[in-house]
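Overview (structure and organization)
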Amino acid sequence: MGYAEKAVESVSDAVCFSEVFDENFTVEVADTAQVRREAFRLRYRVYCEERNFEQREDFSDQMETDAFDDQSVQVIVRHRSTGIPVGVVRLILRDSDESGYLLPIERSCRQLFDKKQLARFNLRRYSVAEVSRFAVSKTAIAEVERRTTAKPSGASVLAAPGAGARGDSFQSIVLGLIAALFQISAAHGVDHWYALMEPALSRHLSRLALRFTRIGPLINHRGKRQPMLASLADLRHDISVKNPQLHELIR
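Residues numbered from 1 in each chain as written. Predicted model: local features only at pLDDT ≥ 70, side-chain atom pairs only at ≥ 80, totals over all residues. Heavy atoms only, no water.

Some remarks on the overall build of the chain
Along the chain, the regular secondary structure elements total ten helices and eight strands. Taken across its 251 residues, the chain has 53% of its residues classed as buried. Accessible surface, the chain: about 11,800 Å² in total, of which carbon and sulfur atoms supply 46%. (Helix = DSSP H or I, 4+ residues; strand = E, 2+ residues; numbered from the N terminus. Buried < 20%, exposed > 50% of the residue type's maximum accessible area, 1.4 Å probe, protein only. Areas by Shrake-Rupley, 256 points an atom, 1.4 Å probe, with all protein chains shown as cover.)

Re helix H9 (residues 232–242)
When we look at burial in H9, the residues that qualify are Leu232, Leu235 and Ile239. End-on view of H9: buried residues confined to an arc of 55 degrees, all on one side of the axis. What points out from H9, more than 90 degrees from its buried face, is the exposed set Ala233, His237 and Val241. (Arc of directions from axis to C-beta.)

Description of the pattern of salt bridges
With the rule as written, the count across this model stands at 14 salt bridges. Of the charged contacts, one joins Arg43 and Glu64 as a salt bridge, the two residues approaching to 2.9 Å between their closest N and O atoms. One end of the pair, Arg43, is in helix H3 (residues 33–50); the other, Glu64, is in the loop between H3 and strand S2 (72–79), and 21 residues separate them in sequence. For Arg43, a relative accessible area of 0% gives the class buried. Glu64 gets classed as buried once you look at its relative accessible area, which sits at 1%. Its salt-bridge partner being Arg225, residue Glu198 comes within 3.2 Å of it at the nearest N-O pair. Taken together, the residues span a long stretch of sequence, with Glu198 in the loop between strand S5 (192–197) and helix H8 (199–207) and Arg225 in strand S8 (residues 224–231) at a distance of 27 residues. A single burial state applies to Glu198 and to Arg225, both of which are buried. Each member of the salt-bridge network shares a partner with another, and the members are Arg43, Glu54, Glu64, Asp66, Asp69, Arg90 and Arg133. (Salt bridge = Lys/Arg side-chain N within 4 Å of Asp/Glu carboxyl O.)

Considering the packing of aromatic side chains
Within the structure shown, the criterion is met by three aromatic pairs. One cation-aromatic arrangement involves Arg133 over Tyr47; the distance from NZ or CZ to the ring centre is 4.9 Å. (Phe/Tyr/Trp six-rings, centres within 6.5 Å; stacked < 30°, edge-to-face > 60°. Lys NZ or Arg CZ within 6 Å of the ring centre and 35° of its normal.)

Some points on unusual backbone geometry
For residues other than glycine, phi is negative in most cases, and the peptide bonds are mostly trans. At Arg133, a residue that is not glycine, the phi angle is positive and equals roughly 50 degrees. Of note, the phi angle at Ala209 is positive, near 75 degrees, even though the residue is not glycine. Take Ala209: it is sitting in the loop between H8 and strand S6 (213–214). Look at Ala209 and you get buried, because its relative accessible area is 5%.

Observations concerning the confidence of the model for the chain
The pLDDT averaged across the chain works out to 84; a share of 84% of its residues lies at or above 70. Long-range and interchain partners of residues 2–15, a stretch whose pLDDT sits below 50, account for 45 contacts in this model, where long-range means more than four residues apart. Within the model, pLDDT remains below 50 along residues 159–165, and this stretch shows twelve contacts once partners closer than five positions in the same chain are excluded. (pLDDT = per-residue confidence, 0-100. Contact = heavy atoms within 4.5 Å.)

Topic: the side chain of Ser231
Here Ser231 is to be found in strand S8. Relative accessible area serves as the criterion here: at 10%, Ser231 is assigned to the buried category. The contacts of Ser231, once residues within four sequence positions are left out, are Phe121, Asp191 and His192.

Regarding the pairing of S2
Across the eight residues of S2, eight count as buried, placing the element largely inside the fold. The two faces of S2 match: Ser72, Gln74, Ile76 and Arg78 on one face and Val73, Val75, Val77 and His79 on the other face are all buried. Note that strand S1 (residues 25–29) and S2 share five bridges and pair antiparallel. Opposite Thr26, over in S2, you have Arg78 as the bridge partner. (Pairing = 2+ DSSP bridges.)

Laid out in structure tokens, this is it:
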């Protein structure tokens, strides 16, 4: 989840994100071959072209995929009027038919988990999922702006009060993806999230009332990352009190 840090860091309290999001974007579950391809191409754009997180030559079809996609629910955020996908995230689920199936974070650092911290959570094996491939494409947003400002009015449809069109749209997409994670988690009986994230991202999420608990030490995984865990019930409670705009978007 390292890519998400700059996205979350940019979120301010100045904009009514739910209104901006509803006016400009939709959320789609990638449950058809076409939408899945769009999600994979967007991941390639972000992780291979924009961030150089993955090697381009490993994905000759320009679709960034891995072995966990078949075990995941993936969603995209799409710009309404142009149809351009601008954000993506996936939730990796436990395979209930394979008792030995491990989530990626468990494969990477299960032996390092802090058992005392884990004991604080009422974990059930199949109600824990892992958040990953959280991505917002700056080049996709720029493409939306080029298309919309080319209209006779000359004004971008992304324009909104606050930090400006690009900043506000970026922030809205971030919160839209977070809201989508809550919704698909409820649909699949998920009540806890694992995430392997940079410490800075954890701090920025806390500013949005998304407080994760450290359950292990920092590890090297394309940079410093820390295994984290959160209860969705606790997150929802904190969001309802401290971040009403995100709470409204989730609802």
